[in-house]
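Read off the chains here:
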Amino acid sequence: MLKTPSRLAIAACFALACVTSPALADGPIADRGEAVEQAHFQKDRETILAMAGDYKVRFDMQESTPWMEGYEPLDRKLSGGYESVRVIEDTGTKIVLQHLLVVGPEGEEFVIKHWRQDWEYEPEKILAYTGPNTWEWKEMPERLRNGRWSQTVYQVDDSPRYAGWGEWQDSQGIRRWRSNWTTRPLARRDAVRNPIYDRYEGINRHQLTPTGWIHWQDNTKMMPDAGAEDGLKPVVQEYVLNTYNAFDGYNTGAADAYWAATKTYWDAVRNKWDEVAEANGGITIEEEAETGTVISGRLLTIGTELQEGKIAEDAAIAEARALIEQATAPGAARSATEPAGQSDY
(Lines give C-alpha, C1' and ligand atoms only; values in the text may rest on other atoms or scores of the structure.)
Protein backbone atom coordinates (compact mmCIF):
# COMPACT_ATOMS: atom_id res chain seq x y z
CA MET A 1 0.00 0.00 0.00
CA LEU A 2 1.32 3.43 -0.97
CA LYS A 3 1.92 5.83 1.90
CA THR A 4 1.09 9.50 1.65
CA PRO A 5 4.30 11.57 1.93
CA SER A 6 4.60 13.52 5.14
CA ARG A 7 4.60 17.29 5.08
CA LEU A 8 8.21 17.18 6.26
CA ALA A 9 9.24 14.96 3.35
CA ILE A 10 7.44 17.18 0.87
CA ALA A 11 9.10 20.25 2.34
CA ALA A 12 12.51 18.59 2.15
CA CYS A 13 12.01 17.67 -1.51
CA PHE A 14 10.81 21.18 -2.29
CA ALA A 15 13.82 22.72 -0.59
CA LEU A 16 16.16 20.47 -2.55
CA ALA A 17 14.47 21.40 -5.80
CA CYS A 18 14.88 25.08 -5.00
CA VAL A 19 18.63 24.83 -4.48
CA THR A 20 20.27 26.53 -7.45
CA SER A 21 22.56 24.52 -9.66
CA PRO A 22 25.54 26.83 -9.01
CA ALA A 23 25.34 26.07 -5.28
CA LEU A 24 25.25 22.33 -5.95
CA ALA A 25 28.11 22.58 -8.43
CA ASP A 26 30.31 24.41 -5.94
CA GLY A 27 30.58 21.56 -3.44
CA PRO A 28 33.92 19.90 -2.61
CA ILE A 29 35.55 17.75 -5.30
CA ALA A 30 36.24 14.30 -3.90
CA ASP A 31 39.82 13.04 -3.95
CA ARG A 32 40.19 11.23 -7.28
CA GLY A 33 43.67 9.80 -6.73
CA GLU A 34 47.03 11.21 -7.81
CA ALA A 35 46.97 9.89 -11.38
CA VAL A 36 43.47 11.21 -12.10
CA GLU A 37 44.23 14.57 -10.45
CA GLN A 38 47.36 15.00 -12.57
CA ALA A 39 45.47 14.11 -15.75
CA HIS A 40 42.79 16.69 -14.94
CA PHE A 41 45.44 19.28 -14.07
CA GLN A 42 47.28 18.81 -17.38
CA LYS A 43 44.03 18.98 -19.35
CA ASP A 44 43.06 22.16 -17.50
CA ARG A 45 46.40 23.73 -18.38
CA GLU A 46 46.03 22.81 -22.05
CA THR A 47 42.57 24.39 -22.11
CA ILE A 48 43.70 27.65 -20.51
CA LEU A 49 46.73 27.90 -22.80
CA ALA A 50 44.48 27.28 -25.80
CA MET A 51 42.89 30.70 -25.22
CA ALA A 52 46.11 32.36 -26.39
CA GLY A 53 46.19 33.38 -30.06
CA ASP A 54 44.97 36.02 -32.50
CA TYR A 55 41.26 36.69 -32.77
CA LYS A 56 38.42 38.61 -34.29
CA VAL A 57 36.28 39.41 -31.26
CA ARG A 58 32.56 40.11 -30.97
CA PHE A 59 31.12 41.65 -27.79
CA ASP A 60 27.37 41.09 -27.42
CA MET A 61 25.64 42.69 -24.40
CA GLN A 62 21.92 42.51 -23.67
CA GLU A 63 19.89 43.55 -20.66
CA SER A 64 16.93 41.22 -20.37
CA THR A 65 14.69 40.70 -17.34
CA PRO A 66 13.96 43.73 -15.14
CA TRP A 67 13.82 42.90 -11.44
CA MET A 68 12.64 46.39 -10.49
CA GLU A 69 9.17 47.62 -11.38
CA GLY A 70 9.31 50.40 -13.95
CA TYR A 71 12.86 49.71 -15.12
CA GLU A 72 13.21 49.58 -18.92
CA PRO A 73 16.07 47.31 -20.11
CA LEU A 74 18.62 48.93 -22.40
CA ASP A 75 18.83 48.04 -26.07
CA ARG A 76 21.29 45.38 -27.10
CA LYS A 77 24.85 46.60 -27.68
CA LEU A 78 27.24 45.00 -30.17
CA SER A 79 30.89 45.84 -30.71
CA GLY A 80 34.10 44.08 -31.67
CA GLY A 81 37.64 44.28 -32.92
CA TYR A 82 40.92 42.44 -33.27
CA GLU A 83 42.64 41.08 -30.20
CA SER A 84 45.88 39.21 -29.63
CA VAL A 85 46.14 37.11 -26.46
CA ARG A 86 49.64 36.25 -25.26
CA VAL A 87 50.95 33.98 -22.49
CA ILE A 88 53.21 36.27 -20.47
CA GLU A 89 53.76 33.95 -17.49
CA ASP A 90 53.48 30.20 -16.94
CA THR A 91 54.82 28.66 -13.73
CA GLY A 92 52.84 25.47 -14.07
CA THR A 93 50.21 26.30 -11.45
CA LYS A 94 49.80 29.90 -12.61
CA ILE A 95 49.11 31.07 -16.16
CA VAL A 96 48.83 34.74 -17.12
CA LEU A 97 47.16 35.80 -20.38
CA GLN A 98 47.52 39.39 -21.62
CA HIS A 99 44.98 40.76 -24.11
CA LEU A 100 46.13 43.38 -26.64
CA LEU A 101 43.68 45.24 -28.89
CA VAL A 102 44.88 46.21 -32.36
CA VAL A 103 42.91 49.15 -33.75
CA GLY A 104 43.12 51.65 -36.59
CA PRO A 105 43.22 51.40 -40.40
CA GLU A 106 45.76 49.24 -42.24
CA GLY A 107 49.18 50.79 -42.05
CA GLU A 108 48.18 53.03 -39.16
CA GLU A 109 47.46 50.42 -36.50
CA PHE A 110 48.07 51.10 -32.86
CA VAL A 111 47.79 48.87 -29.80
CA ILE A 112 45.71 49.32 -26.68
CA LYS A 113 46.73 47.19 -23.73
CA HIS A 114 43.46 45.51 -22.80
CA TRP A 115 42.44 43.22 -19.96
CA ARG A 116 44.50 40.49 -18.33
CA GLN A 117 43.43 37.16 -16.88
CA ASP A 118 45.45 35.22 -14.29
CA TRP A 119 44.65 31.56 -13.70
CA GLU A 120 45.93 29.95 -10.48
CA TYR A 121 45.55 26.32 -9.43
CA GLU A 122 44.16 25.62 -5.95
CA PRO A 123 44.85 29.13 -4.56
CA GLU A 124 44.58 29.93 -0.88
CA LYS A 125 43.04 33.37 -1.50
CA ILE A 126 41.69 35.65 -4.23
CA LEU A 127 41.68 39.45 -4.61
CA ALA A 128 37.95 40.14 -4.75
CA TYR A 129 35.99 43.32 -5.42
CA THR A 130 33.98 44.21 -2.31
CA GLY A 131 32.46 47.58 -3.21
CA PRO A 132 33.28 50.94 -4.81
CA ASN A 133 37.04 51.55 -4.96
CA THR A 134 37.83 48.49 -2.85
CA TRP A 135 39.37 45.04 -3.39
CA GLU A 136 40.17 42.70 -0.50
CA TRP A 137 41.85 39.34 -0.08
CA LYS A 138 39.27 36.62 0.45
CA GLU A 139 40.25 33.16 1.64
CA MET A 140 39.20 30.33 -0.62
CA PRO A 141 37.74 27.62 1.64
CA GLU A 142 40.27 24.80 1.93
CA ARG A 143 37.65 22.12 1.33
CA LEU A 144 36.81 23.73 -2.04
CA ARG A 145 40.34 24.19 -3.39
CA ASN A 146 40.97 20.66 -4.64
CA GLY A 147 40.98 20.54 -8.44
CA ARG A 148 39.83 24.14 -8.88
CA TRP A 149 41.33 27.20 -10.57
CA SER A 150 40.81 30.84 -9.72
CA GLN A 151 40.53 33.42 -12.45
CA THR A 152 41.48 36.99 -11.55
CA VAL A 153 40.71 39.64 -14.16
CA TYR A 154 42.72 42.86 -14.21
CA GLN A 155 41.96 46.20 -15.80
CA VAL A 156 43.97 47.85 -18.56
CA ASP A 157 46.39 49.42 -16.05
CA ASP A 158 46.83 46.07 -14.22
CA SER A 159 44.74 47.14 -11.24
CA PRO A 160 42.30 44.40 -10.15
CA ARG A 161 38.79 44.07 -11.53
CA TYR A 162 37.20 40.84 -10.23
CA ALA A 163 38.09 37.31 -9.17
CA GLY A 164 36.33 33.98 -8.88
CA TRP A 165 37.03 30.27 -8.78
CA GLY A 166 35.64 27.16 -10.43
CA GLU A 167 36.34 23.78 -11.97
CA TRP A 168 37.08 22.90 -15.59
CA GLN A 169 34.60 20.21 -16.63
CA ASP A 170 33.57 18.21 -19.66
CA SER A 171 29.82 17.93 -20.25
CA GLN A 172 27.77 17.40 -23.41
CA GLY A 173 31.09 17.10 -25.23
CA ILE A 174 32.07 20.69 -24.30
CA ARG A 175 35.02 21.79 -22.19
CA ARG A 176 33.90 24.56 -19.83
CA TRP A 177 34.76 26.48 -16.67
CA ARG A 178 32.16 28.21 -14.51
CA SER A 179 32.91 30.60 -11.66
CA ASN A 180 31.22 31.03 -8.34
CA TRP A 181 29.15 34.19 -7.92
CA THR A 182 31.52 37.16 -8.22
CA THR A 183 31.10 40.87 -7.52
CA ARG A 184 32.41 43.27 -10.16
CA PRO A 185 32.58 47.04 -10.68
CA LEU A 186 30.64 48.49 -13.57
CA ALA A 187 32.11 48.29 -17.05
CA ARG A 188 32.63 51.57 -18.89
CA ARG A 189 29.56 50.96 -21.06
CA ASP A 190 27.42 51.32 -17.93
CA ALA A 191 29.51 53.59 -15.71
CA VAL A 192 29.53 56.52 -18.15
CA ARG A 193 25.71 56.65 -18.01
CA ASN A 194 25.67 57.11 -14.20
CA PRO A 195 22.99 54.41 -13.74
CA ILE A 196 21.08 53.58 -10.55
CA TYR A 197 23.02 50.30 -10.13
CA ASP A 198 26.65 50.33 -9.03
CA ARG A 199 27.95 46.76 -9.42
CA TYR A 200 27.35 43.35 -10.96
CA GLU A 201 26.85 40.02 -9.27
CA GLY A 202 27.76 37.56 -11.97
CA ILE A 203 28.75 34.09 -13.04
CA ASN A 204 31.47 33.80 -15.70
CA ARG A 205 31.90 30.87 -18.08
CA HIS A 206 34.79 30.11 -20.41
CA GLN A 207 34.32 27.49 -23.12
CA LEU A 208 36.45 26.36 -26.03
CA THR A 209 34.82 26.28 -29.47
CA PRO A 210 35.92 24.76 -32.79
CA THR A 211 37.13 28.22 -33.88
CA GLY A 212 38.36 29.69 -30.58
CA TRP A 213 36.57 30.29 -27.32
CA ILE A 214 33.78 32.24 -25.64
CA HIS A 215 33.49 34.25 -22.44
CA TRP A 216 29.88 34.13 -21.30
CA GLN A 217 28.63 36.30 -18.44
CA ASP A 218 25.33 36.12 -16.54
CA ASN A 219 25.13 39.41 -14.62
CA THR A 220 22.63 40.72 -12.10
CA LYS A 221 22.97 44.50 -11.91
CA MET A 222 22.63 45.61 -8.29
CA MET A 223 21.93 48.91 -6.53
CA PRO A 224 22.34 50.01 -2.92
CA ASP A 225 19.27 49.50 -0.71
CA ALA A 226 19.59 50.24 3.00
CA GLY A 227 16.43 48.26 3.66
CA ALA A 228 17.71 45.03 2.07
CA GLU A 229 19.29 42.33 4.19
CA ASP A 230 22.66 42.62 2.41
CA GLY A 231 22.28 46.31 1.54
CA LEU A 232 21.63 45.64 -2.14
CA LYS A 233 18.72 44.91 -4.45
CA PRO A 234 18.58 43.67 -8.06
CA VAL A 235 17.68 45.99 -10.92
CA VAL A 236 17.99 44.00 -14.15
CA GLN A 237 19.60 40.89 -15.61
CA GLU A 238 22.23 41.12 -18.34
CA TYR A 239 23.70 38.49 -20.62
CA VAL A 240 27.10 39.08 -22.19
CA LEU A 241 28.64 36.82 -24.81
CA ASN A 242 32.19 37.64 -25.93
CA THR A 243 33.20 35.46 -28.87
CA TYR A 244 36.85 34.95 -29.85
CA ASN A 245 37.23 33.49 -33.34
CA ALA A 246 40.75 32.65 -34.51
CA PHE A 247 41.79 35.19 -37.15
CA ASP A 248 45.17 36.50 -38.30
CA GLY A 249 44.02 38.81 -41.09
CA TYR A 250 45.17 41.92 -39.24
CA ASN A 251 48.55 43.27 -38.17
CA THR A 252 49.26 40.83 -35.34
CA GLY A 253 52.88 42.00 -35.41
CA ALA A 254 51.76 45.34 -34.00
CA ALA A 255 50.65 43.62 -30.80
CA ASP A 256 53.94 41.75 -30.47
CA ALA A 257 55.97 44.88 -31.19
CA TYR A 258 54.12 46.82 -28.50
CA TRP A 259 54.61 44.06 -25.95
CA ALA A 260 58.31 43.64 -26.77
CA ALA A 261 58.84 47.36 -26.17
CA THR A 262 56.79 47.59 -22.94
CA LYS A 263 56.82 44.20 -21.24
CA THR A 264 59.52 45.11 -18.70
CA TYR A 265 57.58 48.26 -17.80
CA TRP A 266 54.31 46.38 -17.36
CA ASP A 267 56.04 43.67 -15.35
CA ALA A 268 57.18 46.38 -12.92
CA VAL A 269 53.64 47.80 -12.82
CA ARG A 270 52.18 44.37 -11.99
CA ASN A 271 54.77 43.85 -9.29
CA LYS A 272 53.92 47.19 -7.69
CA TRP A 273 50.19 46.41 -7.60
CA ASP A 274 51.02 43.02 -6.04
CA GLU A 275 53.27 44.70 -3.48
CA VAL A 276 50.50 47.11 -2.47
CA ALA A 277 47.88 44.36 -2.23
CA GLU A 278 50.06 42.21 0.02
CA ALA A 279 51.10 45.12 2.25
CA ASN A 280 47.58 46.52 2.69
CA GLY A 281 45.44 43.39 2.69
CA GLY A 282 43.97 44.49 -0.63
CA ILE A 283 43.77 47.62 -2.76
CA THR A 284 41.79 50.82 -2.33
CA ILE A 285 41.95 53.30 -5.20
CA GLU A 286 39.60 55.88 -6.63
CA GLU A 287 37.96 54.99 -9.92
CA GLU A 288 36.30 57.08 -12.59
CA ALA A 289 33.84 56.11 -15.28
CA GLU A 290 35.85 56.99 -18.37
CA THR A 291 39.24 55.48 -17.58
CA GLY A 292 38.89 53.10 -14.63
CA THR A 293 41.34 54.07 -11.91
CA VAL A 294 42.30 57.73 -11.69
CA ILE A 295 45.87 56.85 -12.75
CA SER A 296 44.94 54.49 -15.59
CA GLY A 297 45.23 57.09 -18.34
CA ARG A 298 48.73 58.12 -17.33
CA LEU A 299 49.96 54.54 -16.86
CA LEU A 300 48.83 53.67 -20.38
CA THR A 301 50.32 56.87 -21.81
CA ILE A 302 53.67 56.05 -20.22
CA GLY A 303 53.59 52.70 -22.04
CA THR A 304 52.99 54.45 -25.36
CA GLU A 305 55.73 56.98 -24.68
CA LEU A 306 58.11 54.17 -23.85
CA GLN A 307 57.37 52.39 -27.14
CA GLU A 308 57.87 55.66 -29.04
CA GLY A 309 61.17 56.37 -27.30
CA LYS A 310 59.90 59.48 -25.55
CA ILE A 311 60.74 58.25 -22.05
CA ALA A 312 63.50 56.02 -20.70
CA GLU A 313 62.48 52.67 -19.23
CA ASP A 314 63.84 53.38 -15.74
CA ALA A 315 62.06 56.74 -15.64
CA ALA A 316 58.82 55.12 -16.85
CA ILE A 317 58.98 52.48 -14.13
CA ALA A 318 59.83 55.01 -11.42
CA GLU A 319 56.90 57.25 -12.38
CA ALA A 320 54.46 54.35 -12.53
CA ARG A 321 55.50 53.01 -9.14
CA ALA A 322 55.14 56.48 -7.62
CA LEU A 323 51.67 56.94 -9.15
CA ILE A 324 50.46 53.62 -7.74
CA GLU A 325 51.98 54.33 -4.34
CA GLN A 326 50.32 57.75 -4.12
CA ALA A 327 46.91 56.66 -5.44
CA THR A 328 46.64 53.68 -3.06
CA ALA A 329 47.88 55.49 0.06
CA PRO A 330 45.44 55.55 3.01
CA GLY A 331 42.86 58.28 2.46
CA ALA A 332 43.79 58.86 -1.19
CA ALA A 333 40.53 57.43 -2.52
CA ARG A 334 37.44 59.52 -1.89
CA SER A 335 34.47 58.00 -0.13
CA ALA A 336 32.85 56.39 -3.14
CA THR A 337 29.19 57.02 -3.86
CA GLU A 338 29.36 56.85 -7.64
CA PRO A 339 30.04 53.74 -9.71
CA ALA A 340 33.04 53.45 -11.98
CA GLY A 341 34.33 51.15 -14.68
CA GLN A 342 36.37 51.18 -17.83
CA SER A 343 36.01 48.28 -20.20
CA ASP A 344 33.33 46.19 -21.86
CA TYR A 345 34.65 42.75 -21.00
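Look up a bit, the structure's there.
Residues numbered from 1 in each chain as written. Predicted model: local features only at pLDDT ≥ 70, side-chain atom pairs only at ≥ 80, totals over all residues. Heavy atoms only, no water.

### Regarding the packing of aromatic side chains
- Per the stated rule, a full pass over the model turns up 13 aromatic pairs.
- Taking 5.6 Å as the distance between ring centres and 20° as the angle between the ring planes, the aromatic pair formed by Tyr 82 and Phe 247 counts as stacked. Highlighted residues: Tyr 82 in strand S2 (residues 77-90) and Phe 247 in the loop between strand S13 (232-246) and helix H5 (252-280), separated in sequence by 165 residues.
- Given the relative accessible area of 30%, Tyr 82 is considered partly exposed.
- An angle of 40° between the planes, with centres 5.5 Å apart, marks the rings of Trp 119 and Trp 168 as tilted. On the criterion of sequence distance, the pair formed by Trp 119 in strand S4 (residues 110-121) and Trp 168 in strand S8 (residues 160-171) is long-range, its members being 49 residues apart. In terms of burial, Trp 119 and Trp 168 fall into one category: buried.
- Feature note: the residues Phe 41, Tyr 121 and Trp 149 constitute an aromatic cluster, connected by ring pairs.
- Positioned above the aromatic ring of Trp 266, the side-chain terminus of Lys 113 is 4.5 Å from the ring centre.
- Sitting above the plane of the Trp 137 ring, Lys 125 keeps its charged end 4.2 Å from the centroid. (Phe/Tyr/Trp six-rings, centres within 6.5 Å; stacked < 30°, edge-to-face > 60°. Helix = DSSP H or I, 4+ residues; strand = E, 2+ residues; numbered from the N terminus. Buried < 20%, exposed > 50% of the residue type's maximum accessible area, 1.4 Å probe, protein only. Lys NZ or Arg CZ within 6 Å of the ring centre and 35° of its normal.)

### Some remarks on the sheet that holds strand S14 (residues 282-284)
- One open sheet accounts for three strands, arranged S5-S6-S14; its pairing is antiparallel. Only two strands of the sheet have a single neighbouring strand rather than two, namely strand S5 (125-131) and S14. Recorded for the sheet is a direction-independent mean angle of 25° between the axes of neighbouring strands.
- Two strands pair when backbone bridges link them, and strand S6 (residues 134-139) and S14 are joined in this way by three bridges, in the antiparallel orientation. Note on S14: the bridge partner recorded for Glu 136 is Gly 282.
- Set on the sheet, H5 makes contact with S5, S6 and S14; between it and S14 the angle comes to about 105°. (Pairing = 2+ DSSP bridges. Axes fitted to C-alpha atoms, helices over the stretch in contact; angles between N-to-C directions. Contact = heavy atoms within 4.5 Å.)

### Description of the nonpolar core
- By size, the foremost hydrophobic cluster in this structure holds 31 residues, and its most contacted members are Tyr 265, Trp 273, Ile 295 and Leu 299.
- At the level of secondary structure, the elements contributing two or more residues to this core comprise strand S3 (94-103), S5, H5, helix H6 (296-307) and helix H7 (313-327).
- By residue number, the principal contributor to this core is H5, which donates eleven residues.
- Not counting chain neighbours up to four residues away, the residues in contact with Ile 295 comprise Asp 157, Trp 273, Ile 285, Leu 323, Ile 324 and Ala 327.
- Formed by 21 residues, the second largest nonpolar core is a distinct cluster that contains Phe 59, Trp 119, Trp 168 and Val 240. (Core = buried A, V, L, I, M, F, W, Y, C linked by side-chain atoms within 4.5 Å.)

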